[in-house]
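Chains, contacts and geometry: an overview
One letter stands for each residue in the lines below.
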Amino acid sequence: IGEGGDGEQGMRFPVAIAIREALPGSSREIFVADQGNAQVKVYDPESGDLLRSIGGPIEPQGEEWRGHFAKPQALAFDPQGRLHVLDIHLARVQIFDPDSGAFLETYGSDAPGPATLRTPLDLAIGTDGSVMVTNNGRHRVEAIHSVP
C-alpha cells in the first residue's frame, strides 16, 4: 500500500498504522501516519487505493497548528470512533473525525502541568476511554484518565 515520495500519493516516512474496522455506514480502512509528509493517509485495504489524507504540514514559524502536523507519531481510535493523532514534535494529541478529516479537539502539551508531554512516542486508548501515552522525555507512561 502506498508508494515512496512527496505529495498526495507519496509516503516518505510511515511510522504508525491503525485499522478502523467496518462500522454501520462505513467500511474497513487503514490509517497510516506519514511523518515525512506530515499527514495521515487513509487507504482501502482491499484495493490499496488512497482514499483521502488528513492534516498536512504546519507552516514554518506558523502559530496555527490545529489540524496540521509537524511529526505525526502514533494513531488510535477512541470508543466513539474518533481518530487520535499524537505528534511527537508538537507534544500533543489532536482528535479528528476520521471520515471528514475535521479537527475536533486536542489534549496534552509541552507546558508544565497535567498531561505535560516531552517526546511522546505512542498512545493507546482503552474501551472505557482511558488514554495512556508513552512519555519518553519524562521517562514514564502518562495515564490521561479519559478521552476529552
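Because the structure is predicted, anything quoted here is derived from the model rather than measured. (Residues numbered from 1 in each chain as written. Predicted model: local features only at pLDDT ≥ 70, side-chain atom pairs only at ≥ 80, totals over all residues. Heavy atoms only, no water.)

Spatial strand order, E7-E8-E9-E10: 4 strands in an open sheet with antiparallel pairing. The open sheet terminates on both sides in strands that have one partner only, identified here as strand E7 (72–77) and strand E10 (103–107). Looking at each pair of strands side by side, their axes are set apart by 25 degrees on average, direction ignored. Bridge count for strand E8 (residues 83–87) against strand E9 (residues 92–96) is 5 bridges, and the pairing is antiparallel. Bridge assignment links Leu86 to a residue of E9, and that residue is Val93. (Pairing = 2+ DSSP bridges. Helix = DSSP H or I, 4+ residues; strand = E, 2+ residues; numbered from the N terminus. Axes fitted to C-alpha atoms, helices over the stretch in contact; angles between N-to-C directions.)

Let's shift gears to the side chain of Lys41. Position of Lys41 relative to the elements: it lies in strand E5 (residues 39–43). One buried charge, Lys41, has no salt-bridge partner; the nearest side chain with opposite charge is Asp34, at 4.3 Å. Engagement of the side chain of Lys41 in a polar contact is seen with the backbone oxygen of Gly10, the distance being 2.7 Å. Once you skip the residues sitting within four places of it in the chain, Lys41 turns out to touch Gly7, Glu8, Gln9, Gly10, Met11, Ile30, Phe31, Val32, Asp34, Leu50, Arg52 and Ser53. (Buried < 20%, exposed > 50% of the residue type's maximum accessible area, 1.4 Å probe, protein only. Lys, Arg positive; Asp, Glu negative; His and termini not counted. Salt bridge = Lys/Arg side-chain N within 4 Å of Asp/Glu carboxyl O. Polar contact = N/O pair within 3.5 Å; in protein donor to acceptor, adjacent residues only side chain to side chain. Contact = heavy atoms within 4.5 Å.)

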